[in-house]
Structures are given as C-alpha cells and as structure tokens.
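Commentary on secondary and tertiary structure
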Amino acid sequence: MHDCQKFREDWVAGACEVTACDSCRLFCKEAEAVLVALGASSRQIPEASDLYWRGFENRLRTRLAERTAAAELRTARFRWAAAFAAAASMAVALTWGTLNLPGPPHDQAGTPIRIDFDRNHIADLDPGVVDFLRQSELFVRNVSKIDPTYREDIEDARERASRSLAGIALQKEAAADFDPVRITLDEYESILREIKNMDSPQNITDIQARIRRIGLVANLKAYQPRVIHVSQR
Amino acid sequence: MKSNSLLMTFTIAASLLVGAPQLQAQTRGQQTPAQNAQAQNDQARVLFGQGSDLWYAGNFVDAEKKFREALRRYPTAQYSDRTSFFLIATLIELARADEALSEIQKFNRAYPNSPWKTDVEEKRLSLYGPSRSASAGYHVATGSIPVPPAPPRVVAPPTPFSVILRVTPSPSLEHEHLRIAVQKDANQGIAIARERLKANPSDPAVIATFGEIAGSGSPQAFPFFVVVLAGKGPSPNMWTQAEFSLGRLKNDNDAVGKGLLEIVKEKDGVPIVSGVFTRIQPATTQKVLNQVVEVPSVDKLVALEKVYKGTPAQPVRIFILQSVGSIPETAARDFLMEVAKTERNMTVRTMAMHVLATRPDVDEKTLNDIFETVVSPARPGMRGQISRGGAREFRDQSTVQLAP
C-alpha cells in the first residue's frame, strides 16, 4: 500500500525514484523544478548549520503531514458528498412526480422559453407612442408605490412628471387616430399634472388612489407589444 | 440625597456605556450601522437612478448592468425590491425569458411582503402565457374577483412544496388575468368580462381588455361590444373605447356575422343592435356590416332585414342596403326590390334602386317596373322626371362609387 508521506520523505532523502502515485509524481516534479532553478542560480546556497537542517527536516515533515491530512480530508469530503449525492438521487428518483417545485425557467419540454413580441393589435399605432406608453407604465407603477415620507422619491417623481408633460402633446397628436390610446394619454396627462403640482407629500396618496381607480397601469399596458412564446406563433 | 446622586451616577455611566461605541466610531471616522445602512441605501439609489434613466431612454442592456450592480453590491438596501422588478422588466424587454423567470423566483423568495409583488406576478403571468398561467408550484391568491362562472384565478393544485403568493388584486393584475382568460378561451373570457361589468360598469380591468376581446375572433365579441354600447353604464371615454374596438373586430371564421345572428335571436336583440348602429360612427357601422355579409349562411339576410326594420335611421338603412347588395342570393334581391318599391324615405328607396342596378340578377325590365312604382307624395315632380330610359341611366350612374 502506497504511503504518500513516507514516499516523499524517502524521495527527499534520495531513497526512491519512481512511483505510480500521480500526486507524488507531481510533488517530485515540482520539487525537481525548484532544485533545478536553485542549481541554475548564480548565487550559491549558503552553508547552513546542522541546526538549520534539522529544523528544515522538521518543517518538511510537518508540511508533508499537513498536505497528507488535507488530502485525506478532501477524500473524506468527496466520499461524503458522493454518498449524499447518491442518497439525494435516490430520493429524487423515488419522489419524482410527487414533487412540484416552483416553475423552473424552462418550458414543459425542458427547453428554454423563447419569447417574442406581438404588435398586431397596435400595428397602426406610432412606435414612438408605444415607447412612451412603456416608459409611462413603469413610471406610474413606481409612483403608485411611493411612500409619502420619502421626499426624495417624490421629488424624483415630480421632476420626471415635468419631463413627461413636455412631450405628451406630441404623443397625443401621434395617437389622434387611436382613440383608446388618446384617452389613456389624457388620463395620464392629468395624473402627471397632479404629480408635478403636488403641494404636500400627502397628496401622493390621493394620486395613487386615482391611478388605481382608473386602472391607468392596465390601460398603459394594453397598447404595448404582447409577450408571446415563439412556439405560439 | 445620597441615593439620588448614586442614581444619577449610574444613569450617566449607563449613558456613557451606551453612547461610547458610537462616540468611538465617530471619533475614529467610522460609521454606525445606521449610517452604514443609509450610505448603502444612498449608493443603491444612485445606481437605481442611473439604471432607470437608461431604461427610460430605451437602453436596456446598460440598464440591466446598473440594476444587477445595485442588487449585487447592496442586496439589502431599501427599495431592492423595486430594483429587482426593474431588472425583471428589463430582461423581458430583452426577450430573455429564462433569466426573467429566474429573477422572479429570486424576488418571491427575497421579498415576500413587497408592494411590488403584484407587479412581479403580472410579469410572471405575461411570460408563462395562457398555457402556463398556473405554473407548477405557484398558488396565487388574488382575493375576490367577481368573475363567474369560471374565475380566472391562477391556482395550481396544492402541493407540498408550493410557493404561496398572497397578491393584492389590482386593476392591472386583474387585466392580466382577464387577458389570459380571453386568450385561453375567448368565449369564456368574454363571459367573465360581461359578468364583471354587471358588478362594475366601468371596470378598468375589462376596459383594458377590450383590445384583446376585439382581436379574439370570437363570435361573442360583437354581442359583447353591442351590449356595452347599449348599456347605461359607459362613460363617454368607455363608449369611445368600445366603439373603437367594435370597428376593429377580428372576423376569423365569420365571427362578426355569427355574432350578429346570435344577438338578434335574443329577446330585445334587434332594437339593441339597431340602437347601437344608429349611435356609433357611420364608418364603424359600415365596417361591421361588411363583415356580417361574409357569413355564408342565408340567416344573415334575415338578421339584416330585422335590423333594417328596427331602425328608422337613414344612414344605417342605407348601409344595410349596400351590404345586402353584395349578397348574391335571390332573397337579397327580393328584399332590395321590396325596399325599392315600398320604402317611404325617398333617399333610402333611391339607394335600393342604385343597389339593384348593380346586380347581375336584375334585368332592365325589372328596373323599369320599379321605376314605374316610384311615386313620392313628398316630391310631386319626381314621377315626371323619370323617362322610359331611366333605368339604363340609373344603371350607368350606379357604377359611380357611392359615398357613405
């Protein structure tokens, strides 16, 4: 039975040359490389005392012992992991079909879900308006979650509302022939004005209630591209 | 006195002990946990702001990097749930469904009480689509939604490992449920929408689903919009939206004509349809009628006749005559001839003659006979204006496209 620690001690002492153990062969190779490098160096290895060499031997033994112990620990861990994996596999195999874990991000065939966007229902709507609706939807979702005590968020919302108001007339003009979108933009405009002109953070609660009552998020969402699975095409 | 001073000494000592670490931290330039948390919140907020600016500008690739960075560096910061939602929305925009679903799962684990949960659930539904709305292991309780007979609640059978999501209903989430219900089974989805409108005639979730219903190609879509428009509930905006959708009905498998046939069979169906045709834009009526005549069944003629007789509105009658003119069956010709001979309104009657003149199954003699019957008490000079060659002239004129 090969003993790594004993072989390496023997190898350092020059008592043996070859081994079938890969780990020991690697150790010997690295040690030889170090020796070659040292031999090639122009600097002479300084003479050391007997005390130094005895210490060296001790340190080498300790290091070898540590490496061996670490290797044994890894082996033990590997054995435990392998045992656990086997047990887990058995458990999964036995309970397969009764487990119903939260939907993995794959379809039923196990292949990744591929989606695309259906624009047929808004084919005659200006793409710029569609982009505006998408941005507006996220903004309104955000506003509807603002806590009245978070002044920074309210200020951000007011600032963004002002910016959106600057461009809304153009969007309404572009959506003039698309009545539901024009109506939604009218509603959105009035909400934006309320946000911009809030005179108290408490007003945000009223605005949030109104957003909810008129279903503004749903209306903004209704005229955006719809997610479809590629297989549904 | 002694005991008081002893108590004061203890109080001061206790205050020092409590305050010492903070004082030490401040004197060393270190932050207290509260300050540290605030600093993290501020940093996370900056990253979120940068990401959302990129998002609003349509730069989703860079927005994703910012959101991910914010979540990686400050996972426990305030509003991480918001950042996580924005990341999910970004991944969907980038059509990376798998990653979006993975983030949704992370969200549900990390923020079970987040106000963004409803929004995330919407995104999940939109990704899974109708075939997977009841995803494995998810049990979504959305509260009471008055949507009998089959509520579109996404409920998976209870399982030992299911993730229970308690989601507060919102109009946009309900719209998503309804949208999926219509996609999955249009007739049932429309039935649910009708029931919901009975409970709330201005239900925003239903209004937002008008486009989905109009595009479903269901024979129920036409009656649905007719009922909405005939109802007392719709506000001017809802009316406009319903009318817009009525003008954009998908006519797969002659759905519109089948819908008309269905509604005129119902009690009060004819006056309802006639009333709606009278009130909506003429162009919308014309578009609907053009779809109706595509139904191969001869019943469509019976239905159109009923609607014709049910409305006194001249434009609606004219549109019906035009539509009937494109029906090749003899019954359509007979109806037109009856109108041409008996209609009291001269404009409508003239239109019937125009339409007859365009038909290959009406010969010149028949047309002349009809001309002979044209006597209008309201316009006494009319008879004298029609000559023997009037029918031929009429046929020539009728080739000119008639304006609605």
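Within each chain, residue numbers correspond to sequence positions counted from 1 in written order. Here chains are named by letter from A upward and ligands by number from 1 upward, in the order in which they appear as written. This being a predicted model, a pLDDT of at least 70 is required before a residue's local features are given, and a value of 80 or more before pairs of side-chain atoms are given or counted; all residues contribute to the totals for chains, interfaces and linings.

**Things to note about the overall build of chain A**
Secondary structure counts use DSSP, requiring at least four H or I residues in a row for a helix and at least two E residues in a row for a strand, with both numbered from the N terminus. Secondary structure summary: chain A contains eight helices and two strands in total. Ordered by position from N to C terminus, the α and β elements of chain A give α-α-α-β-α-α-α-α-α-β. Taken across its 233 residues, chain A has 22% of its residues classed as buried. Long-range pairs, those at least 24 residues apart, make up 69% of the contacts in chain A between residues at least 6 apart in sequence. Counting other C-beta atoms within 10 Å of a residue's C-beta gives its exposure: the residue is buried at 20 or more, exposed at 12 or fewer, and partly exposed in between, where C-beta atoms are placed from the backbone. Two residues qualify as a contact pair if the distance between their C-beta atoms, derived from the backbone, is within 7 Å.

**Some words on the overall build of chain B**
Scanning chain B from N- to C-terminus turns up 22 helices and two strands. For chain B, the residues scored as buried account for 44% of the 404 residues in total. Long-range pairs, those at least 24 residues apart, make up 66% of the contacts in chain B between residues at least 6 apart in sequence.

**Comments concerning the confidence of the model for chain B**
Residue and element names in this part refer to chain B. Along the chain, pLDDT gives the predictor's confidence residue by residue, from 0 to 100. Looking at chain B, the pLDDT average stands at 80 and 75% of residues meet or exceed 70. Mean pLDDT across the elements of chain B bottoms out in helix H21 (residues 382–385) (42) and peaks in helix H3 (residues 60–73) (96). Low pLDDT (under 50) marks residues 130–163, which in the prediction has 81 contacts with non-local residues, meaning those over four places away or in another chain. Overall, residues 376–404 carries pLDDT values under 50, and its contacts beyond four positions in sequence, including any with other chains, amount to 28 contacts.

**With respect to the nonpolar core**
Ile 88, Val 273, Leu 336 and Leu 356 of chain B are the most contacted members of the largest nonpolar core, which totals 130 residues. Dropping the residues within four chain positions of it, Leu 356 of chain B is found in contact with Leu 336, Met 337, Ala 340, Val 362, Leu 367 and Ile 370 of chain B. Each nonpolar core reported here comprises buried Ala, Val, Leu, Ile, Met, Phe, Trp, Tyr and Cys residues connected via C-beta atoms within 7 Å.

**Side note on the packing of helix H13 (residues 255–265) of chain B against helix H14 (residues 269–279) of chain B**
Residues and elements named next belong to chain B. As a rule, the C-alpha atoms of each element are fitted with a line to give its axis, helices using only the stretch in contact, and angles between N-to-C directions run from 0 to 180 degrees. As a packed pair, H13 and H14 sit with axes 6 Å apart at the nearest point and diverge in direction by 125°. Our classification of the angle between H13 and H14 gives oblique. The residues of H14 that touch H13, namely those facing Leu 260, Ile 263, Val 264 and Lys 265, are Gly 269, Val 270 and Val 273. For the contact of H13 with H14, the per-class residue count stands at five nonpolar, one polar and one charged. When an angle is under 35 degrees it counts as roughly parallel; over 145 it counts as roughly antiparallel; between 65 and 115 it counts as roughly perpendicular; any other value is oblique. Three classes are used: nonpolar for Ala, Val, Leu, Ile, Met, Phe, Trp, Tyr, Cys and Pro, charged for Asp, Glu, Lys and Arg, and polar for all others, with Gly counted as polar.

**Observations concerning the environment of Leu 127 of chain B**
Tracing the backbone through its elements, the reader meets Leu 127 of chain B in helix H6 (residues 117–128). Discounting residues that sit within four places of it in the chain, Leu 127 of chain B has contacts with Ile 115 and Val 227 of chain A together with Ile 92, Ala 97, Ala 100 and Leu 101 of chain B.

**What to know about unusual backbone geometry**
Residues and elements named next belong to chain B. Backbone geometry places Ala 95, a non-glycine residue, at a positive phi of 60°. Considering the arrangement of structural elements, one finds Ala 95 in the loop between helix H4 (80–93) and helix H5 (97–110). Its 15 C-beta neighbours within 10 Å are what place Ala 95 among the partly exposed residues.

**With respect to the environment of Gln 135 of chain A**
Residue and element names in this part refer to chain A. Looking at where Gln 135 falls in the secondary structure, it is placed in helix H4 (residues 127–143). The exposure class of Gln 135 is partly exposed, given the 18 C-beta atoms found within 10 Å. Sequence separation of Gln 135 and Leu 220 is 85 residues, and the distance between their C-alpha atoms is 9.3 Å.

**Some points on the packing of helix H11 (residues 221–230) of chain B against H14 of chain B**
Residue and element names in this part refer to chain B. One way to put it is that H11 packs onto H14 with a least axis distance of 9 Å and a crossing angle of 75°. The orientation of H11 with respect to H14, classified from their angle, is roughly perpendicular. Residue-level inspection shows Val 226, Leu 229 and Ala 230 of H11 in contact with H14, the latter providing Ile 272, Val 273, Gly 275 and Val 276.

**Overview of the environment of Gln 322 of chain B**
Structurally, Gln 322 of chain B can be placed in helix H17 (residues 314–325). In this structure, the C-alpha to C-alpha distance between Gln 322 of chain B and Leu 356 of chain B, residues 34 residues apart in sequence, is 9.6 Å.

**Concerning the confidence of the model for chain A**
Low-confidence regions, as indicated by low pLDDT, have predicted coordinates that should not be scrutinised in detail. Model confidence for chain A is summarised by a mean pLDDT of 77, while 65% of its residues fall at 70 or above. Overall, residues 93–105 of chain A carries pLDDT values under 50, and its contacts beyond four positions in sequence, including any with other chains, amount to 22 contacts.

**A look at helix H5 (residues 151–174) of chain A**
Residue and element names in this part refer to chain A. In this analysis, the expected span of each helix is defined as 1.5 Å times one less than the number of residues it contains. Helix length check: H5 (24 residues) gives 34 Å between terminal C-alpha atoms against 34 Å at 1.5 Å per residue, within 8%. At Gly 167, H5 shows its maximal bend, which comes to roughly 40°. Every buried residue of H5 is listed here: Asp 153, Ile 154, Ala 157, Arg 160, Ala 161, Ser 164 and Gln 171. Buried residues along H5 sit in contact with H4, helix H6 (179–196) and helix H7 (203–214). A residue's bend is the angle separating two fitted axes: one through the seven residues that end there, the other through the seven that start there.

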